[in-house]
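Next come the chains, spelled out residue by residue.
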Amino acid sequence: MSKALADGMNNIIANFTVLYMKMHHFHWYVKGTNFYVLHEKFEQFYNDLAGYIDEIAERLLTLNEAPVSTLEECLRRATVEEAKGDLSEQQMVEETISDFAKVIQQLKECLKAAEQEGDDITNDLLLSIAAQMDKNIWMLRAFSGKNAVPPQKAEPVAWLKKRG
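For clarity, every value in this text was computed on a predicted model and none was experimentally measured. Position numbers for residues count from 1 along each chain, tracking the sequence in the order it is written. Only residues with pLDDT of at least 70 get local features here, since the model is predicted, and only at 80 or more are side-chain atom pairs given and counted; chain-wide, interface and lining totals rely on the full set of residues. The basis for the side-chain values is all heavy atoms of the structure; hydrogens and waters are excluded.

S.K.: Can you walk me through the overall build of the protein chain in this structure?
M.R.: Looking only at helices and strands, the protein chain has six helices and zero strands in total. Burial classification: accessible surface area is computed with a 1.4 Å probe over protein chains only, and a residue below 20% of its type maximum counts as buried, one above 50% as exposed, and the rest as partly exposed. Residue burial in the protein chain is summarised as follows: out of 164 residues, 40% are buried. Contact definition: two residues touch when any of their heavy atoms are within 4.5 Å. Across the protein chain, every contact between residues at least 6 apart in sequence was considered, and the portion connecting residues at least 24 apart equals 81%. Working definition of accessibility: Shrake-Rupley area with a 1.4 Å probe, residue cover restricted to the visible protein chains. Accessible area of the protein chain: about 9300 Å², with a carbon and sulfur share of 52%. Segments assigned H or I by DSSP are reported as helices when at least four residues long, segments assigned E as strands when at least two residues long, and all are numbered from the N terminus.

S.K.: Could you clarify how one ought to interpret the side chain of T96 in this entry?
M.R.: Of note, T96 is situated in helix 4 (residues 89-117). Residue classification places T96 among the buried positions, given a relative accessible area of 0%. Each residue touching T96, except ones within four places of it in the same chain, is listed here: M23, F26, F42, F45 and L140.

S.K.: Got a minute to help me understand the environment of R77 in this structure?
M.R.: The residue R77 is located in helix 3 (residues 71-77) in this model. Remark: the alpha-carbon pair of R77 and A14, spanning 63 residues in sequence, is separated by 6.0 Å. Every residue in contact with R77, bar those within four places of it in the chain, is listed here: D7, N10, N11, A14 and V68. Of the polar contacts made by the side chain of R77, one reaches the side chain of N11; its length is 2.7 Å. We call two N or O atoms a polar contact when they sit within 3.5 Å, provided that within protein one can donate a hydrogen and the other can accept it, with sequence-adjacent residues counted only if both atoms are side-chain atoms.

S.K.: Would you explain the confidence of the model for the protein chain in this entry?
M.R.: Low-confidence regions, as indicated by low pLDDT, have predicted coordinates that should not be scrutinised in detail. With 89% of its residues at a pLDDT of 70 or more, the protein chain shows a mean pLDDT of 90. Think of pLDDT as the predictor's per-residue confidence, scored from 0 to 100. Scored below 50 in pLDDT, residues 148-159 shows ten contacts in the model against residues more than four places distant or in partner chains.

S.K.: I'm lost on the environment of Q106 in this one. Help?
M.R.: Here Q106 shows up in helix 4. In this view, Q106 contacts N11, I12, N15 and T79; residues no more than four positions away in its chain are not counted. Here the side chain of Q106 touches N15 through a polar contact of 2.6 Å, side chain to side chain.

S.K.: Teacher, can you tell me more about unusual backbone geometry here?
M.R.: Peptide bonds are trans in most cases, and residues, glycine excluded, mostly fall at negative phi. Here N64, not a glycine, exhibits a phi torsion of approximately 60 degrees, which is positive. Considering the arrangement of structural elements, one finds N64 in the loop between helix 2 (35-62) and helix 3.

S.K.: What is the right way to look at the packing of helix 1 (residues 3-29) against helix 4 in this model?
M.R.: Helix packing for two helices is described by the angle between their axes and how far apart those axes are. The geometry of helix 1 relative to helix 4 is characterised by a closest axis approach of 10 Å and an angle of 160 degrees between their N-to-C directions. In terms of their interaxial angle, helix 1 and helix 4 are classed as roughly antiparallel. For the crossing formed where helix 1 meets helix 4, the hand is left-handed. Residues L5, G8, M9, N11, I12, N15, F16, L19, K22, M23, F26 and Y29 of helix 1 form the contact with helix 4, whose own contacting residues are M92, E95, T96, D99, F100, V103, Q106, L107, C110, A113, A114 and E117. For helices, the fitted line uses only the C-alpha atoms of the stretch in contact; every axis is such a line through C-alpha atoms, and the angle between N-to-C directions lies from 0 to 180 degrees. The scheme is simple: roughly parallel for angles under 35 degrees, roughly antiparallel for over 145, roughly perpendicular for 65 to 115, oblique for anything else. For any helix crossing, the convention is left-handed if the near helix is rotated counterclockwise from the far helix by under a right angle, and right-handed if that rotation is clockwise.

S.K.: Any chance you could explain the nonpolar core here in plain terms?
M.R.: Considering soluble globular proteins, one finds that nonpolar side chains tend to be buried as a cluster. Throughout, nonpolar core names a set of buried Ala, Val, Leu, Ile, Met, Phe, Trp, Tyr and Cys residues whose side chains join them through atoms within 4.5 Å. Membership of the largest hydrophobic core comes to 45 residues, with the highest contact counts inside it found for F16, I56 and M133. Elements represented by at least two residues in this core include exactly helix 1, helix 2, helix 4 and helix 5 (120-144). Dropping the residues within four chain positions of it, F16 is found in contact with L49, Y52, I53, I56, V103, I129 and M133.

Right under this line is the structure:
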């Protein structure tokens, strides 16, 4: 495994670790008419993130690499920010969409590196995570009424089709 791919995967772990806590924060502090829906959705997200962290870390270990494992290192590497302040439910949804999109970009970069290295197993792992996160963004956008695309024009996961 190249240093670039290992570093990229560790940066993803760092972002997922920050997002894990951010989703807990949103889960605990969401208020409003959509409380029940968002309370459950944020819980689903932090549970998913815990699984992604473990899967990526174990893949790194399988390839004799060291996954990041301290909060200090995760905070140093992360490009997503911790939860701040008293956000509205809409702001929480918008931040989640933005953060997930950042991580999808990182996943895409790692996918390219894994493909260049011929590492189909890492590629498959990262691709499945990216696809789920892409679906989560679509659902959050639909929930918030943003970016509603008529069904005949929708191209979900267009960047995945190019790999086909």
